[in-house]
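Residues per chain, in single letters:
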Amino acid sequence: MKNSCVRFSTRLPSRFDFQNSVLIYDRVLEKKFGPWIRRFPRRYGVRSGEYLKAVENFAGHAAAISKVGEGLSVREMQIVALGGGSVGDFAGFVASVFKRGVRLVHVPSTWLSAIDSAHGGKTALNVGGIKNQIGTFYPASEVLICRDLLLNQGPARFDDAKAEAAKVALLTSAALWTKTQKVRDESGLFRLLPDLIRAKLKIVALDPKETSGHRHLLNFGHTVGHALESSLHLSHGEAVSLGLRFAIDWAGGALAQKDLWGIATRAQLRRALARLKNPARALAQDKKMVTNKRIRFIFVSRPGYPSIREVSVSDILAEIERQKNA
Ligand SMILES: NC(=O)c1ccc[n+]([C@@H]2O[C@H](COP(=O)([O-])OP(=O)(O)OC[C@H]3O[C@@H](n4cnc5c(N)ncnc54)[C@H](O)[C@@H]3O)[C@@H](O)[C@H]2O)c1
Ligand SMILES: [Zn+2]
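Residues numbered from 1 in each chain as written. Chains lettered and ligands numbered in written order. Predicted model: local features only at pLDDT ≥ 70, side-chain atom pairs only at ≥ 80, totals over all residues. Heavy atoms only, no water.

Before going further, it helps to spend a moment on the coordination of the zinc ion (ligand 2). Note on metal geometry: ideal angles are 109.5 degrees for four donors arranged tetrahedrally and 90 or 180 degrees for six donors arranged octahedrally. Distances from the zinc ion (ligand 2) to its protein donors, E164 (OE), H222 (NE2) and H236 (NE2), fall within 2.0 to 2.1 Å. Spacing between the donor residues of the zinc ion (ligand 2) along the chain follows E-x57-H-x13-H. One end of the pair, E164, is in helix α6 (residues 156–172); the other, H236, is in helix α10 (residues 236–251), and 72 residues separate them in sequence. (Donors = N, O, S within 2.8 Å, 3.2 Å for Na, K, Ca; no water. Helix = DSSP H or I, 4+ residues; strand = E, 2+ residues; numbered from the N terminus.)

The next subject is helix α3 (residues 85–97). Between its first and last C-alpha, α3 extends 18 Å over 13 residues, near the 18 Å set by a 1.5 Å rise per residue. A large share of α3 lies buried, amounting to twelve of its 13 residues. Within the span of α3, buried status applies to G85, S86, V87, G88, D89, F90, A91, G92, F93, V94, A95 and S96. Phi turns positive, to about 50°, at K99, one or two residues after α3. (Expected span 1.5 Å × (residues − 1). Buried < 20%, exposed > 50% of the residue type's maximum accessible area, 1.4 Å probe, protein only.)

To find the voids left in a structure, one rolls a probe of water-molecule size over its atoms. Tallying each qualifying case throughout the model produces three cavities of 30 Å³ or more. Put simply, the largest cavity is a space of about 60 Å³. Considering the residues around the largest cavity, the lining is formed by A81, G83, G84, G85, G88, H106, V107, P108, S113, S117 and A118. At the level of elements, β4 (78–83), α3, β5 (103–108) and α4 (111–117) are the ones that each hand at least two residues to the lining of the largest cavity. The element best represented in the lining of the largest cavity is β5, accounting for three residues. Its residues assigned to classes, the lining of the largest cavity comprises four nonpolar, seven polar and no charged. (1 Å grid on protein atoms, 1.4 Å probe; cavity = no way out; pocket = protein on both sides within 12 Å on 5 of 7 lines; lining within 4 Å. Points joined across faces, edges and corners; volume = space filled by probe spheres on them. Nonpolar A, V, L, I, M, F, W, Y, C, P; charged D, E, K, R; others polar.)

This next bit is on the site of ligand 1. Looking at ligand 1, there are 24 residues lining it, with D26, E50, G85, S109 and T110 nearest. In the environment of ligand 1, a nitrogen atom lies 3.0 Å from a nitrogen or oxygen atom belonging to the backbone of L149. Here a nitrogen atom of ligand 1 and a side-chain polar atom of N152 are 3.1 Å apart. For ligand 1, the protein covers 79% of the area, taking 870 Å² as the surface of the free molecule. Looking at side-chain class alone, the shell around ligand 1 contains four nonpolar, eleven polar and nine charged residues. (Near = heavy atom within 4 Å. Polar contact = N/O pair within 3.5 Å; in protein donor to acceptor, adjacent residues only side chain to side chain. Areas by Shrake-Rupley, 256 points an atom, 1.4 Å probe, with all protein chains shown as cover.)

Inspection of the entire model under this criterion finds 16 salt bridges. Among the salt bridges present, the one from D89 reaches K53, with a minimum N-O distance of 2.8 Å. Within this pair, whereas D89 is found in helix α3, its partner K53 is found in the loop between β3 (43–46) and α2 (58–69), the two being separated by 36 residues in sequence. Residue classification places K53 among the buried positions, given a relative accessible area of 3%. Here D116 ties to K200 by a salt bridge, and the two come within 2.6 Å at their closest N and O atoms. Residue D116 is found in helix α4, and its partner K200 is found in helix α8 (residues 186–205); the two are separated by 84 residues along the sequence. Accessibility expressed as a relative area gives 17% for D116, which makes it buried. (Salt bridge = Lys/Arg side-chain N within 4 Å of Asp/Glu carboxyl O.)

In this section: the sheet that holds strand β1 (residues 5–9). Read from one edge of the open sheet, six strands run β1-β8-β5-β4-β2-β3, paired in parallel fashion. With partners counted over all chains shown, the strands left at the sheet margins are β1 and β3, one partner each. Here the strands of the sheet are splayed against their neighbours by 15° on average, with no regard to which way each runs. Bridge count between strand β2 (residues 21–26) and β3: four bridges; the pairing is parallel. Its bridge partner being in β3, L23 is matched across the sheet by R43. Sitting on the sheet, helix α1 (residues 30–37) is in contact with β2, β3 and β4, with an inclination near 175° to β2. (Pairing = 2+ DSSP bridges. Axes fitted to C-alpha atoms, helices over the stretch in contact; angles between N-to-C directions. Contact = heavy atoms within 4.5 Å.)

Another point: the state of the cysteines. Following the criterion strictly, the structure yields zero disulfides and no others. Lacking any disulfide linkage, C5 is separated from the closest cysteine sulfur, that of C146, by 15 Å. Look at C146 and you get buried, because its relative accessible area is 1%. (Disulfide = S-S within 2.5 Å.)

Next comes the structure, spelled out in structure tokens:
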């Protein structure tokens, strides 16, 4: 799988192949970025979120997007995905199947999408409310990362983004972890993006289609994170920061118990676990657990030294009990 070309800029580019593009964009961005959006003669505004990814609605979207794209040559046309991870997953899927595949450009507008989902080629739709049941591997030809777009999210999102940055840094190296901990604000995070993206792509390159299991490392912090996210209705970043704390303390290495940049404290995790009424059910919501009682869990005992170990659901439940009372 070829890595996409990643470009960084301050503003949205004024020179761009607007004419051959079908822009699929998050309507939230109209207010601030309307002038750029309106330069695309063919565009399709969507409401972001999991509803957009529901396969049940796909036929309607496909018909509308076909209409918008009418008259463009398959060879020259490209789909431009402007938005966060939900828009990227949806538009990436569209690009991968539309006319059996057309060029794709990602323009991520959230930290999550800029750090994570715009890279690595995964596209996804949900089935019956279960996330990411249908999808393709379809890397964008180009990823445009634009400072104005990302900084538009506001400082509240910065805290959420820290957990994803911490995740990839801890998986990668002590050097990247040191650099990451120095990030103080959104501008600092923007400057660190090239390093974070390179780190993710390095993991993806070892296992582009998730066959060897190496790519599973990117799930670090997400097993318990997802359980907390859905049960306690937390933001993804908040949940991952708790999930990372759980995994790090379970690994019990040099990082355990310490206060860490971007990662929840012991006390915060203890409080969250105490609110988790039915941990077994919360864990079962993760699709990987329904099919298989054994779970590949990611441990990091020191930066740059991750390991994958198979554990059972009951091992995780026992560890939840232990950490809740620790
Ligand atoms: N493909 C992958 O590898 C991968 C990896 C991780 C997550 N994901 C998927 O990504 C999705 C989550 O991504 P997300 O958090 O970016 O979600 P999202 O697309 O739903 O965006 C989150 C919110 O931010 C708003 N928004 C977007 N850009 C904005 C901006 N610049 N300024 C202000 N508001 C803005 C959106 O309207 C939305 O309300 C999930 O569906 C998840 O499954 C995919
Ligand atoms: Zn995540």
